[in-house]
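Spelled out, the chains give:
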Amino acid sequence: MACDFISIATKGVQTLKPYQPGKPVEELERELGLTDVVKLASNESPLGPGAAARAAAGAALENMARYPDGNGTVLKQTLARKLGVSEERLVLGNGSNDVLELAVRAFVTAEHEVIFSEHAFAVYPLATQAASARAVVTPARDWGHDLAAMTKAVSARTRLMFIANPNNPTGTWVSAKALTRLMERVPEDVLVVVDEAYCDYVDAPDYPDCVSWLERHSNLIVTRTFSKAYGLAGLRVGYAVAHPQVADLMNRVRQPFNVNSVALAAAAAALEDDEHLLRSVAVNRSGMMQLTRAFDAMGLDYIPSAGNFVSVDVGRPGGEVFDALLRRGVIVRPVDNYGMPHHLRVTVGLEQENTRFIEALKKVLA
Ligand SMILES: *Cc1c(COP(=O)(O)O)cnc(C)c1O
């Protein structure tokens, strides 16, 4: 008889529920016999990468027989220059998801607690549970992170906290003032991970640029990604900026070749292409306006978002509306797993994609 392998898995993994990715376009097109499915489900850039990043990726493919540069030298040099930090502060990851996990792997054990907010990004509970650590989930305030509650939740066992700024799927952000208060009160042996996956889209004047805070706060880890505004989600590349000692410890636990050569080349080229980034942000701004105006006209509540997505209250179980939209060839994201059963999260697309979604939503809700 086979062993009961569940009983010998680590404590956290025994009850771990894996991340549920959005439905791939090709799968839905096959199921429905459609050819024009619109996917606004995974917060990808509707423009994709710019010409420079595409060309760099193509050129790097020529060298696919070779292992990548395990130190990611060129990308790190480019990041260091652009961010005004030393290279020793940088950790590259296979997506920023990778660096979030490296932080947990380097610092968190089963004895520790990890703090994050209700409705926060799904990777935080997954990474915490995979380490068999205890998740301390603080209640949200107006859908956003309550930093005072998160500060209060710190105990002697707390080793790390996750703050998504802006958060996915709510789109809420925390101000420089609120985050300063937290940083001043949290002990230095508690690592504060500020996840800035959507920072490029934010234009709120009170939004903090945490990379510039690293000299002041040694326990701060800032993570960013090329998956969103840079349009490189499929290549998987992101990074963390931290105290050199923290970065060194995170680098010790990563795979030696965790970022592939195509991703390294494309990311470095994308960083130099400011024009494309601006285009991406501009398309998002007008698309966000298009969506929120439509919601206003339909009398639907939504959570004001600083990202490239918005969560809208459809006034009934989101899963039902999601299914009905699927049948009309529009993929969005139900968020009941985030404790938001009446919301749908929709990624800002190109104008015609947003229009397809809005028209489908009107029909479904009619
Ligand atoms: C999309 C996202 C990420 C980044 O994911 P990658 O692994 O870099 O593709 C990180 N944090 C949040 C909150 C996100 O929504």
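Scroll up to find the structure this text is about.
Since we're looking at a predicted model, the values are computed, not measured. (Residues numbered from 1 in each chain as written. Predicted model: local features only at pLDDT ≥ 70, side-chain atom pairs only at ≥ 80, totals over all residues. Heavy atoms only, no water.)

Colleague: Give me the lowdown on the sheet that holds strand β4 (residues 134–138), citing residues and values where you can.
Modeller: Strand order in the open sheet made by the 7 strands is β2-β8-β7-β6-β5-β3-β4, with mixed pairing throughout. Strands at the two margins of the open sheet, each flanked by one partner only, are β2 (90–93) and β4. Shown here is a sheet whose adjacent strand axes are inclined to one another by a mean of 20°, direction ignored. Sheet analysis places strand β5 (residues 158–164) next to strand β6 (residues 191–195), joined by 5 bridges and oriented parallel. When the sheet's bridge partners are listed, Leu 160 is paired in β6 with Leu 191. The sheet contacts of helix α5 (residues 73–83) involve β2, β7 (220–225) and β8 (238–241), and relative to β2 the element is tilted by about 125°. (Pairing = 2+ DSSP bridges. Helix = DSSP H or I, 4+ residues; strand = E, 2+ residues; numbered from the N terminus. Axes fitted to C-alpha atoms, helices over the stretch in contact; angles between N-to-C directions. Contact = heavy atoms within 4.5 Å.)

Colleague: So, the packing of helix α6 (residues 96–107) against helix α10 (residues 244–253): which residues are in play, and what are the values?
Modeller: Packing of α6 against α10 leaves a shortest axis separation of 8 Å and a crossing angle of 95°. Of the possible angle classes, the one that applies to α6 and α10 is roughly perpendicular. Counted together, Val 99, Leu 102, Ala 103, Arg 105, Ala 106 and Phe 107 of α6 and Val 246, Leu 249, Met 250 and Val 253 of α10 form the full contact between these two elements. Of the residues that constitute the contact of α6 with α10, the class distribution is 9 nonpolar, no polar and 1 charged. (Parallel < 35°, antiparallel > 145°, perpendicular 65-115°, else oblique. Nonpolar A, V, L, I, M, F, W, Y, C, P; charged D, E, K, R; others polar.)

Colleague: Account for the side chain of Ser 311, naming residues and giving values.
Modeller: The residue Ser 311 is located in strand β10 (residues 309–313) in this model. The buried category is assigned to Ser 311, whose relative accessible area is 0%. Among the polar contacts made by the side chain of Ser 311, one reaches the main-chain carbonyl oxygen of Pro 169 at a distance of 2.6 Å. Setting aside anything within four residues of it in sequence, one finds Ser 311 in contact with Pro 169, Tyr 302, Ile 303, Met 340, His 343, Leu 344 and Arg 345. (Buried < 20%, exposed > 50% of the residue type's maximum accessible area, 1.4 Å probe, protein only. Polar contact = N/O pair within 3.5 Å; in protein donor to acceptor, adjacent residues only side chain to side chain.)

Colleague: Break down the site of the ligand for me, with residues and values.
Modeller: In the region of the ligand, the neighbouring residues are Gly 95, Ser 96, Asn 97, Phe 121, Asn 168, Asp 195, Ala 197, Tyr 198, Thr 225, Ser 227, Lys 228 and Arg 236. Within the contact set of the ligand, an oxygen atom lies 2.6 Å away from a side-chain nitrogen or oxygen of Ser 227. Contacts to the ligand include Arg 236, whose side-chain N or O atom sits 2.7 Å from an oxygen atom. With respect to the detected pockets, the ligand is housed in the largest pocket. Each residue belonging to the shell around the ligand can be placed in one class, and the counts come to 3 nonpolar, 6 polar and 3 charged. (Near = heavy atom within 4 Å. 1 Å grid on protein atoms, 1.4 Å probe; cavity = no way out; pocket = protein on both sides within 12 Å on 5 of 7 lines; lining within 4 Å. Sits in = over half its atoms within 2 Å of the grid points.)

Colleague: A description of empty space enclosed by the protein should follow, citing residues and the corresponding values.
Modeller: As enumerated under the stated definition, the model contains 2 cavities of 30 Å³ or more in all. Its boundaries defined by the atoms lining it, the largest cavity holds a volume of some 60 Å³. Lining the largest cavity are 13 residues, with Gly 70, Gly 72, Leu 92, Arg 254 and Asn 258 sitting closest to its centre. Of the residues contributing to the lining of the largest cavity, the split by class is 5 nonpolar, 5 polar and 3 charged. Taken together, Gly 50, Ala 53, Ala 229, Tyr 230, Ala 270, Asp 273, His 276 and Leu 277 form the lining of the second largest cavity. Counted by class, the lining of the second largest cavity contains 5 nonpolar, 2 polar and 1 charged residues. (Points joined across faces, edges and corners; volume = space filled by probe spheres on them.)

Colleague: For the pattern of salt bridges, give the residues involved together with the corresponding values.
Modeller: Across all of its chains, the model carries 13 salt bridges by this definition. The closest approach of N and O atoms between Arg 356 and Asp 36, which form a salt bridge, is 3.5 Å. Of this pair, Arg 356 sits in helix α14 (residues 351–365) while Asp 36 sits in the loop between α3 (25–32) and β1 (38–39); the two residues are 320 residues apart in sequence, bridging distant segments of the chain. Take Arg 356: its relative accessible area is 26%, and that puts it in the partly exposed class. Overall, Asp 36 belongs to the partly exposed group, its relative accessible area being 42%. Here Asp 209 makes a salt bridge to Arg 224, at a shortest N to O gap of 3.3 Å. On the criterion of sequence distance, the pair formed by Asp 209 in the loop between β6 and β7 and Arg 224 in strand β7 is long-range, its members being 15 residues apart. Overlapping salt bridges bring together Glu 196, Asp 209 and Arg 224 as one network. (Salt bridge = Lys/Arg side-chain N within 4 Å of Asp/Glu carboxyl O.)

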